[in-house]
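Here's the letter readout for the chains.
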Amino acid sequence: MKFGVNTFVTDESIRPDALGRALEERGFETLLVTEHSHIPVKRETPWSGGGELPREYYRTYDPFVALAIASAATTTLTLGTAVALLAQRDVFQTAKEVATLDVLSGGRFLFGVGVGWNREEMRNHGVEPRRRGPLLNEKIAALKAIWTADEAEFHGEHIDFDPVCSWPKPVQRPHPPVAIGGESPAALDRLVRYGDEWLPRAKTPVEDLRRVVSWLAGQGRADIRVTLCGATGDSDLAAYAESGVDRVTFTLPPLPDRETRQYLDKLEDHIERQTR
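In this text, all values refer to a predicted model and were calculated from it rather than measured experimentally.

Turning next to the overall build of the protein chain. Within the protein chain, the regular secondary structure consists of ten helices and ten strands. Relative to the globule expectation of 19 Å for 276 residues, the C-alpha radius of gyration of the protein chain, 18 Å, shows essentially globular dimensions. Counting only C-alpha atoms and orienting by the principal axes, one finds that the protein chain spans roughly 55 × 45 × 40 Å. Taking as baseline every contact in the protein chain between residues at least 6 positions apart, the subset at least 24 positions apart corresponds to 71%. A total accessible area of about 12,800 Å² is found for the protein chain, and carbon and sulfur atoms account for 50% of it.

The subject of this paragraph is the sheet that holds strand β4 (residues 109-113). Read once around its circumference, the closed barrel built from eight strands follows the order β1-β2-β3-β4-β7-β8-β9-β10, with strand pairing classed as parallel. For this sheet, the mean inter-axis angle between neighbouring strands, taken without regard to orientation, is 25°. Bridging between strand β3 (residues 78-81) and β4 involves two bridges; their strand directions are parallel. For leucine 79, the partnering residue across the bridge sits in β4 and is phenylalanine 109. Against the sheet, helix α10 (residues 257-275) makes contact with β1 (2-7) and β10 (247-252), and its axis sits at roughly 145° relative to β10, the strand it touches most.

Turning our attention to the pairing of strand β5 (residues 152-155). In β5, alternate side chains face the same way, and those of Ala152 and Phe154 are buried while those of Glu153 and His155 on the opposite face are not. Here β5 folds back onto strand β6 (residues 160-164) in antiparallel fashion, the turn holding four residues.

The subject of this paragraph is a negative patch on the surface. A contiguous patch of negative charge, built from Asp150, Glu151, Glu153, Asp160 and Asp162, is present on the exposed surface. Here glutamate 151 is to be found in the loop between α6 (132-148) and β5. Residue class for glutamate 151 comes out exposed when judged on its relative accessible area of 60%.

Looking at where glutamine 219 falls in the secondary structure, it is placed in the loop between α8 (206-218) and β9 (225-231). As for glutamine 219 and phenylalanine 92, which are separated by 127 residues in sequence, their C-alpha atoms are 31 Å apart.

Now for the pattern of salt bridges. In the structure shown here, the tally under the stated rule is 20 salt bridges. The shortest N-O distance in the salt bridge between aspartate 265 and arginine 26 comes to 2.7 Å. A residue pair is termed long-range when its members are at least 10 positions apart, and aspartate 265 in helix α10 and arginine 26 in the loop between α1 (16-25) and β2 (30-33) qualify at 239 residues. Assessed through its relative accessible area of 33%, aspartate 265 is described here as partly exposed. When the shortest N-O distance is used, the salt bridge between arginine 247 and glutamate 197 registers 3.3 Å.

With that settled, consider the packing of aromatic side chains. Tallied over the full model, the rule gives ten aromatic pairs. When the centroid spacing of 5.8 Å and the interplanar angle of 50° are considered together, the rings of phenylalanine 64 and phenylalanine 109 count as tilted. In this pair, phenylalanine 64 is assigned in helix α3 (residues 63-72) and phenylalanine 109 in strand β4, connecting sequence segments 45 residues apart. Given a relative accessible area of 6%, phenylalanine 64 falls into the buried group. Just above the ring of tryptophan 167 sits the side chain of lysine 169; from NZ or CZ to the centre is 5.1 Å.

For the rest of this paragraph, the subject is α1. Given 3.6 residues per turn, any residue in an α-helix points the same way as the ones three and four places further on. For α1, a buried count of seven out of ten residues is recorded, marking the element as mostly surrounded by other parts of the structure. Those residues of α1 not exposed but buried are Pro16, Asp17, Ala18, Leu19, Gly20, Ala22 and Leu23. Summarising the contacts, the buried residues of α1 are in contact with β1, β2, α3, β10 and α10. Phi turns positive one or two residues past the end of α1, at glycine 27, with a value near 85°.

This part covers the pairing of strand β7 (residues 178-181). On β7, burial covers both faces: Val178 and Ile180 on one face and Ala179 and Gly181 on the other are all buried. The pairing of β7 with strand β8 (residues 197-199) spans three bridges and is classified as parallel. Paired with isoleucine 180 across the two strands is tryptophan 198, which belongs to β8. Of the crossover connections in this fold, the one passing from β7 over helix α7 (residues 185-194) to the parallel β8 is right-handed.

Right, let's talk about the packing of α3 against helix α4 (residues 91-104) for a bit. Between α3 and α4, whose axes approach to 10 Å, the crossing angle comes to 10°. By the criterion of interaxial angle, the relationship of α3 to α4 is roughly parallel. From α3, Phe64, Leu67, Ala68 and Ser71 reach across to α4, where they touch Glu97, Val98 and Leu101. Residues of the contact of α3 with α4, tallied by class, amount to five nonpolar, one polar and one charged.

Cut-off values and rules
Residues numbered from 1 in each chain as written. Predicted model: local features only at pLDDT ≥ 70, side-chain atom pairs only at ≥ 80, totals over all residues. Heavy atoms only, no water. Helix = DSSP H or I, 4+ residues; strand = E, 2+ residues; numbered from the N terminus. Rg over C-alpha atoms; globule rule 2.2 N^0.38 Å. Contact = heavy atoms within 4.5 Å. Areas by Shrake-Rupley, 256 points an atom, 1.4 Å probe, with all protein chains shown as cover. Pairing = 2+ DSSP bridges. Axes fitted to C-alpha atoms, helices over the stretch in contact; angles between N-to-C directions. Buried < 20%, exposed > 50% of the residue type's maximum accessible area, 1.4 Å probe, protein only. Patch = residues over 30% accessible without salt bridge, like charges linked within 9 Å, V, L, I, M, F, W, Y side chains within 5 Å. Salt bridge = Lys/Arg side-chain N within 4 Å of Asp/Glu carboxyl O. Lys, Arg positive; Asp, Glu negative; His and termini not counted. Charge placed at Lys NZ, Arg CZ, Asp CG, Glu CD. Phe/Tyr/Trp six-rings, centres within 6.5 Å; stacked < 30°, edge-to-face > 60°. Lys NZ or Arg CZ within 6 Å of the ring centre and 35° of its normal. Right-handed = clockwise from strand over helix to strand, strands pointing away. Parallel < 35°, antiparallel > 145°, perpendicular 65-115°, else oblique. Nonpolar A, V, L, I, M, F, W, Y, C, P; charged D, E, K, R; others polar.

Written out as structure tokens, the structure is:
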């Protein structure tokens, strides 16, 4: 398996370029960052972690800008989102940002997407939360058309445009891997139809991971890779490997530079002990 981290990069944590270098120096393969455009002051949607929303949700950097900074400081690190909130993003601007980052990083971008959980945030973008799933599906399909066709067009229920031109095209062919976040039936249907990788969370039972990997093979999608996000020091890496997981990312708290490096040193030791 490959190993990396998933984290919030904020104006109070280690810089993304310093983080990227620290990860490569320690042999980590992946950096995945989250996205929130903003957090509405009036909040009604409960956070899955329970209690108050952590401070980092309010201070996260734009993921594409942060990953561009990290790409300039690294040479091999896979850079990705876990997850980008595509349903509330402009499809043309996102197509341009993803392609640009893939080109400038030398083809190292992994595009993780999900429906999102903060209904107030979605509504601020003009997205009706009950329709975010179908909207996300069409946006994924539209992005693939823009990335792969010189004159791309798309005609759906939610997204509709006549032929357009958009360059640069991504380095990765036919496009950067689209990783689908979530474990619900709707997410798994999206994965089979549109995904190249699956992004389950670490709380997903190992038996469910094994079942989904087997189910994907039965659907003719044995090509889908599995990146498990949010592992901790208590995670059983051998069990993940046995269940078909290809990559594990550990949750890295948003810490200052020195504390981040100390945390990564401990994480590196933990992985070495479990994999020797």
